[in-house]
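Coordinates in review
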Amino acid sequence: MRILHTMLRVGDLQRSINFYTEVMGMKVIRTTDRADQGYSLAFVGYGTEQDGAVLELTYNHGVSSYELGNAYGHIAIAVDDAYAQCERITQAGGKVTRPAGPVKGGSTVIAFVEDPDGYKIELIQTTR
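Calculation rules
- Residues numbered from 1 in each chain as written.
- Predicted model: local features only at pLDDT ≥ 70, side-chain atom pairs only at ≥ 80, totals over all residues.
- Heavy atoms only, no water.
- Buried < 20%, exposed > 50% of the residue type's maximum accessible area, 1.4 Å probe, protein only.
- Helix = DSSP H or I, 4+ residues; strand = E, 2+ residues; numbered from the N terminus.
- Polar contact = N/O pair within 3.5 Å; in protein donor to acceptor, adjacent residues only side chain to side chain.
- Salt bridge = Lys/Arg side-chain N within 4 Å of Asp/Glu carboxyl O.
- Pairing = 2+ DSSP bridges.
- Axes fitted to C-alpha atoms, helices over the stretch in contact; angles between N-to-C directions.

A short note on helix α1 (residues 13–23)
Taken residue by residue, α1 has Leu13, Ser16, Ile17, Phe19, Tyr20 and Val23 as its buried positions. Where α1 begins, the side chain of Asp12 points an oxygen toward the backbone nitrogen of Gln14, at a separation of 3.2 Å. Among the residues trailing α1, Gly25 stands out with phi positive, at a value near 80°.

Considerations on the pattern of salt bridges
A full pass over the atoms with the stated rule returns four salt bridges. Across the pair Arg15 and Asp117 runs a salt bridge whose closest N-O atoms are separated by 2.9 Å. Taken together, the residues span a long stretch of sequence, with Arg15 in helix α1 and Asp117 in the loop between β7 (109–114) and β8 (120–125) at a distance of 102 residues. Its relative accessible area of 34% is what places Arg15 among the partly exposed residues. For Glu49, the salt bridge is made with Arg30, and the minimal N-O distance between the two is 2.8 Å. Of this pair, Glu49 sits in the loop between β3 (39–45) and β4 (54–60) while Arg30 sits in strand β2 (residues 27–34); the two residues are 19 residues apart in sequence, bridging distant segments of the chain. Among the residues examined, Glu49 registers a relative accessible area of 19% and is labelled buried. Arg30 gets classed as partly exposed once you look at its relative accessible area, which sits at 37%. Because the salt bridges share partners, they merge into one network encompassing Lys95, Glu114 and Lys120.

Notes on the sheet that holds β7
A sheet is described by the order of its strands in space; here four strands give the open sequence β5-β8-β7-β6, paired in mixed fashion. Single-partner strands in this sheet number two, and they are β5 (75–79) and β6 (95–102). Between one strand and the next, the sheet's axes are offset by a mean angle of 20°, whatever the strand orientation. Bridge analysis of β5 against β8 gives five bridges, and the strand direction is parallel. By the bridge assignment for β8, Ile77 is matched with Leu123.

Below, the structure is given as structure tokens:
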């Protein structure tokens, strides 16, 4: 068994596709439009669905926002250099909510970014 994808409900599909591709550097893997059923999907990721987990961005037609609730945590992404990624994300118009630096009480370098719908993304530096 392996994790295939994580689904996020988004208020504007194109805005989210732009964020995950232009700001986070992912690629659109595939899209589906189900107008008769009232939803559209975009799968985005760093590789193929066969190679690793991806994100399924789900837009329910006519729904522009969601309450995230208090149980959701974050998506974690491994990066070579969290400091450089924060700079790149900021320059691309992304929102860094916790600048790169060591995790409290440890030495692992992390940072947090927020997507247009308020979902948190943790960047974890895995090298250096």
